[in-house]
Amino acid sequence: MENLFVIKFGGSSITKKEENKFEINREVLEFAAKELAEAIKQKPELKIALVCGVGPFGHTNVVKYNLNNGIKTPEQEKGVKQTNKDCSFVAEEVIKALVKYKIKTKYVPGYDVCVQDNKKAVSFDAKPYKEALEKGIVPVTTGIMVKDKSLKWSPMSGDVVIAELARQLAPEKVVMGTDVDGIFTADPKKNPNAELITEISKQNLAEVLERVGESKATDVTGGMKGKLEKLAEQLGGVEAQIFNLLSAGNLKKALLGQKLACTRIRL
Ligand code: ADP
């Protein structure tokens with residue numbers, strides 16, 4: 001789809017993921033919404049699909065109610081409901097921030113579009129996204145618990161949505177905001193000598209995958225390594241850019257094709 005950007009607001013940037021708090025990072029959400037509106041104003045042909053990580057709103061619940069390996073008890077069923085309520089809350093907060101800047105949005109809950117089997121997506125319906133995008137509406141989806149053929153319910157990462165939309169809608173670009181400048185030679189939070197990898201291509205992908213570490217915060221769905229593996233599998237020819245959403249200005253630059261510190265993935 002021409003002029004389509006699939007954007008990820010990482011859980012590490014729009015929630016207090018590292019502190020493991022059920023809290024939205026309002027400051028970041030506020031400037032991200034503003035920059036989105038400014039980019040649309042400068043480039044009215046832009047179409048945007050927004051995928052949000054949920055940080056603790058998902059991961060903490062999944063651990064607390066033991067939701068990662070099959071749902072068997074009423075207590076776990078209750079946990080699924082609670083998790084989905086909390087993840088939908090993140091979507092509502094994001095939507096509120098966008099509406100403030102007069103951006104038209106539609107919440108597309110992940111459990112309405114994705115079915116998994118043993119924690120892997122086996123079907124993903126991109127129709128609600130297409131319909132919204134054609135009307136100039138920004139569809140918003142979060143990581144959430146979805147139906148699972150073997151486990152009843154299982155957690156679906158926002159990155160699954162990114163991969164599916166990349167595959168099915170062939171966007172111009174995928175832009176992923178996180179809490180570091182991109183993919184480094186090691187976890188930059190643990191290793192001060194870690195260097196930013198500015199380009200990932202077929203040539204260096206295997207080497208990069210070997211070096212990247214896991215996320216520092218509780219993340220049942222894989223951290224940076226899992227993210228990159230899935231992306232590499234499913235991006236096809238779509239270009240992706242990973243950048244720091246904690247720094248104001250970066251999102252707008254990414255959307256307008258301006259220079260910024262980041263990792264570009266072209267496979
Ligand atoms: P998000 O919630 O934004 O999707 P994650 O928490 O899943 O992001 O992944 C981002 C985190 O991954 C960073 O905060 C960083 O500490 C960690 N990380 C681990 N290894 C690397 C690496 N090689 N390069 C960049 N970040 C890494």
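Only a predicted model underlies this, so the values are computations on that prediction, with no experimental measurement involved.

Calculation criteria
Residues numbered from 1 in each chain as written. Predicted model: local features only at pLDDT ≥ 70, side-chain atom pairs only at ≥ 80, totals over all residues. Heavy atoms only, no water. Helix = DSSP H or I, 4+ residues; strand = E, 2+ residues; numbered from the N terminus. Buried < 20%, exposed > 50% of the residue type's maximum accessible area, 1.4 Å probe, protein only. Polar contact = N/O pair within 3.5 Å; in protein donor to acceptor, adjacent residues only side chain to side chain. Contact = heavy atoms within 4.5 Å. Core = buried A, V, L, I, M, F, W, Y, C linked by side-chain atoms within 4.5 Å. Pairing = 2+ DSSP bridges. Expected span 1.5 Å × (residues − 1). Phe/Tyr/Trp six-rings, centres within 6.5 Å; stacked < 30°, edge-to-face > 60°. Salt bridge = Lys/Arg side-chain N within 4 Å of Asp/Glu carboxyl O.

Our focus in this paragraph is the side chain of threonine 178. Summarising the element assignment, threonine 178 is placed in strand E9 (residues 173–178). Taking relative accessible area as the criterion, threonine 178 reaches 10% and is therefore assigned buried. Polar side-chain contacts of threonine 178 include one of 3.1 Å to the side chain of serine 12. Those residues within four positions of threonine 178 in sequence are excluded, and the remaining contacts are Ser12, Ser13, Met224, Ile242, Phe243, Asn244, Leu245 and Leu246.

In this structure, Ile7, Phe9 and Val94 are the most contacted members of the largest nonpolar core, which totals 79 residues. Considering every element that reaches this core, the biggest residue donor is helix H2 (residues 26–42), with eight residues. Apart from the residues within four sequence positions on either side, valine 94 is in contact with Phe9, Ile14, Leu29, Leu50, Cys52 and Val140. Grouped together as the second largest cluster of nonpolar side chains are seven residues, Tyr65, Leu67, Ile71 and Val80 included.

Moving on, we come to the pairing of strand E7 (residues 144–148). Among the five residues in E7, four count as buried, and that is most of the element. Across five bridges, E7 lies against strand E8 (residues 152–156) in antiparallel orientation. Residue pairing for E8: lysine 147 is matched across the bridge by tryptophan 153. Where E7 folds back onto E8 in an antiparallel hairpin, the turn is made up of three residues.

Moving on, we come to H2. Between the first and last C-alpha of H2 there are 24 Å, a value that for 17 residues agrees with the 24 Å anticipated at 1.5 Å per step. For H2, the full list of buried residues reads Val28, Leu29, Phe31, Ala32, Ala33, Glu35, Leu36, Ala37 and Ala39. Here the buried face of H2 lies against strand E1 (4–9), helix H1 (11–14), strand E2 (47–52), helix H4 (74–100) and helix H10 (250–256).

Here the focus is the packing of aromatic side chains. Summed over all chains, the structure comprises three aromatic pairs. Aromatic pair phenylalanine 22 and phenylalanine 57: ring centres 5.3 Å apart, planes at 55°, arrangement tilted. Taken together, the positions of phenylalanine 22 in the loop between H1 and H2 and phenylalanine 57 in helix H3 (residues 56–64) put the pair 35 residues apart, joining distant regions of the chain. When the centroid spacing of 5.9 Å and the interplanar angle of 20° are considered together, the rings of phenylalanine 124 and tyrosine 129 count as stacked. Assessed through its relative accessible area of 9%, phenylalanine 124 is described here as buried. Aromatic rings pair up to connect Phe22, Phe57 and Phe89 into one cluster.

Evaluated as defined, the whole model comprises 16 salt bridges. With its nearest N and O atoms 3.2 Å apart, the salt bridge here joins lysine 16 to glutamate 23. Judged by relative accessible area, which is 33%, glutamate 23 ranks as partly exposed. In this structure, the salt-bridge partner of lysine 96 is glutamate 93, at a minimum N-O distance of 3.1 Å. A residue pair is termed a helical-turn pair when its members lie 3 or 4 positions apart in one helix, as lysine 96 and glutamate 93 do in helix H4 at three residues.

To continue, consider the environment of glutamine 42. Within the element layout of this structure, glutamine 42 appears in helix H2. The class for glutamine 42 is exposed, based on a relative accessible area of 52%. Taking the C-alpha atoms as reference points, glutamine 42 and arginine 211, separated by 169 residues in sequence, lie 39 Å from one another. In contact with glutamine 42, not counting residues within four places along its chain, are Lys252 and Leu256.

Our focus in this paragraph is the environment of glycine 79. Note that glycine 79 resides in helix H4. Residue class for glycine 79 comes out buried when judged on its relative accessible area of 0%. Residues glycine 79 and isoleucine 197, 118 residues apart in the sequence, show an inter-C-alpha distance of 39 Å. The contact partners of glycine 79, leaving out residues within four places of it in the chain, are Tyr65 and Leu67.

The next subject is the side chain of serine 154. Of note, serine 154 is situated in strand E8. A relative accessible area of 0% means that serine 154 is categorised as buried. One polar contact links serine 154 to glutamine 116, side chain to side chain, over a distance of 2.8 Å. Only 2.6 Å separates the side chain of serine 154 from the side chain of aspartate 148, close enough to count as a polar contact. Contact partners of serine 154, with chain neighbours within four places excluded, come to Leu67, Gln116, Lys119, Ile144, Met145, Val146 and Asp148.

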